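# Examination of the molecular architecture
Listed below, chain by chain, are the residues.
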Amino acid sequence: MHDQAAVAVLGRRDRLVIAGCIGVIAALAWIYLIHLSRQMSASMEYDRMMADMGMAMGEPWHAVDVLLTAIMWTVMMIGMMAPSAAPVLLLFAASVRARQPATPFAPPVVAFAAGYVLVWTAFSAVAALAQWGLHETSMLSSAMAASSGWLSGSILIGAGLYQFTPLKGACLTQCRSPLGFLMGHWRSGTSGALRMGLRHGVECLGCCWALMCVLFAVGVMNLLWVAAISAFVLVEKVGPRGVLASRLAGVAAAAAGFLLLARVW
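Reference entry: report on the structure contained in this document. (Residues numbered from 1 in each chain as written. Predicted model: local features only at pLDDT ≥ 70, side-chain atom pairs only at ≥ 80, totals over all residues. Heavy atoms only, no water.)

Here the structure, examined in full by the defined rule, presents four salt bridges. When the shortest N-O distance is used, the salt bridge between Arg13 and Asp14 registers 3.7 Å. Taking relative accessible area as the criterion, Arg13 reaches 64% and is therefore assigned exposed. We classify Asp14 as buried; its relative accessible area is 15%. For the salt bridge of Arg199 with Glu203, the shortest nitrogen-to-oxygen distance reads 3.4 Å. With a gap of four residues between them, Arg199 and Glu203 both fall in helix α8 (residues 189–213), about one helical turn apart. The exposure class assigned to Glu203 is buried, which follows from its relative accessible area of 9%. The structure contains a network of salt bridges with shared partners spanning Arg13, Asp14 and Arg97. (Salt bridge = Lys/Arg side-chain N within 4 Å of Asp/Glu carboxyl O. Buried < 20%, exposed > 50% of the residue type's maximum accessible area, 1.4 Å probe, protein only. Helix = DSSP H or I, 4+ residues; strand = E, 2+ residues; numbered from the N terminus.)

Laid out in structure tokens, this is it:
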């Protein structure tokens, strides 16, 4: 209720503009992911055909491959996290409007969003390096999922157990209380907005990084899982039973991991 009252400081037009921009960015990210998924599916079909002809297609990556993979992860993170970032962006814009009525709120909002995206861009670079390492050690299938049941099970167990850690709880609390975050970490000016975006991005990363790693177990470009994790993150951060959902997901992921390990034992 407090968050809704704070957002009401913004005019209807301003709220629609911000929400519309977030929606367009998320939609463009998903359009790119769907296009890329179709291209990869066609490529995998070609690789399987060549393998049937006795030609090995598992070539080592080059720097450009790592860069393109980092871009893919970045776009995927934007598509996944944009909906759950909408509340804090709206609240931030409302706070700027309330504190500085005569100042345009667009530059600080863009700076805040840029700081948030920078954090997930850094995560995407690390994820791309991890994917490169898995590819080079033949631990990643053609569907970009862990080829080892041991690795998949371990990822799921790790992600499940992380849901119960104090760090996860602290970061989730901050993500679920955007107004409290803004009140406790307010910085003025565009540079201050960038620092706030970085700070909130780090807390969001601390909340969600393990969930993103689940993609290595189920398929990095498995868009059904990408959508499911994106929807769960939204429920976890915005839903009225977000903390309970977080714990239940932790139990489910850990149980699935142990079952998978039991199958390959």
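And the narrative resumes.
One finds Trp73, Met76, Trp120 and Met212 to be the most contacted residues of the largest nonpolar core, which totals 47 residues. Taken together, the elements giving at least two residues each to this core come down to α2 (12–52), α3 (63–99), α4 (106–136), α5 (149–162), α6 (166–176), α8, α9 (215–218) and α10 (223–238). Top contributing element to this core by residue count: α3, with 10 residues. If we ignore the near neighbours within four places in the chain, the residues touching Trp73 are Phe123, Ser124, Ala127, Ala128, Gln131, Met212, Leu215, Phe216 and Val220. By size, the runner-up hydrophobic cluster in this structure holds 22 residues, among which are Ala26, Val88, Phe105 and Leu179. (Core = buried A, V, L, I, M, F, W, Y, C linked by side-chain atoms within 4.5 Å. Contact = heavy atoms within 4.5 Å.)

We now examine the layout of surface pockets. By volume, the second largest pocket amounts to about 450 Å³. Taken together, 20 residues make up the lining of the second largest pocket; nearest its centre are Cys21, Ile22, Ile25, Leu89 and Ala113. Of all the elements in the fold, those that place two or more residues in the lining of the second largest pocket are α2, α3 and α4. It is α4 that provides the largest number of residues to the lining of the second largest pocket, a total of eight residues. (1 Å grid on protein atoms, 1.4 Å probe; cavity = no way out; pocket = protein on both sides within 12 Å on 5 of 7 lines; lining within 4 Å. Points joined across faces, edges and corners; volume = space filled by probe spheres on them.)

We now examine unusual backbone geometry. Glycine aside, residues mostly have negative phi, and peptide bonds are mostly found in the trans state. A positive phi is found at Ser138, a non-glycine position, where the angle reads about 60°. Relative to the assigned elements, Ser138 resides in the loop between α4 and α5.

Okay, the packing of α5 against α8 next. As a packed pair, α5 and α8 sit with axes 8 Å apart at the nearest point and diverge in direction by 160°. What the angle tells us is that α5 and α8 run roughly antiparallel. Relative to α8, α5 is oriented so that their crossing is left-handed. Across the interface between the two elements, Ile155, Ala159 and Tyr162 from α5 touch Gly206, Cys207, Trp209, Ala210 and Cys213 from α8. Taken together, the residues of the contact of α5 with α8 break down into seven nonpolar, one polar and no charged. (Axes fitted to C-alpha atoms, helices over the stretch in contact; angles between N-to-C directions. Parallel < 35°, antiparallel > 145°, perpendicular 65-115°, else oblique. Left-handed = near helix turned anticlockwise from the far one by under 90°. Nonpolar A, V, L, I, M, F, W, Y, C, P; charged D, E, K, R; others polar.)

Mapped onto the secondary structure, Val251 falls in helix α11 (residues 242–264). According to the relative accessible area criterion, Val251 is partly exposed, its value standing at 48%. Between the C-alpha atoms of Val251 and Gln163, which are 88 residues apart in sequence, the distance is 8.5 Å.

Its 37 residues give α3 an end-to-end C-alpha distance of only 46 Å, which falls more than 12% under 54 Å, the value for a rise of 1.5 Å per residue. The sharpest bend along α3 measures roughly 50° and falls at Ala82, with the proline Pro83 sitting one to four residues further on. (Expected span 1.5 Å × (residues − 1). Bend = angle between axes of the 7 residues up to and from the residue.)

Our next topic: the packing of aromatic side chains. Inspection of every chain in the model, using the stated rule, returns seven aromatic pairs. With a centroid separation of 6.3 Å and an interplanar angle of 80°, the aromatic rings of Trp73 and Phe123 are classed as edge-to-face. One end of the pair, Trp73, is in helix α3; the other, Phe123, is in helix α4, with 50 residues separating them in the sequence. The class of Trp73 is buried, set by a relative accessible area of 0%. (Phe/Tyr/Trp six-rings, centres within 6.5 Å; stacked < 30°, edge-to-face > 60°.)

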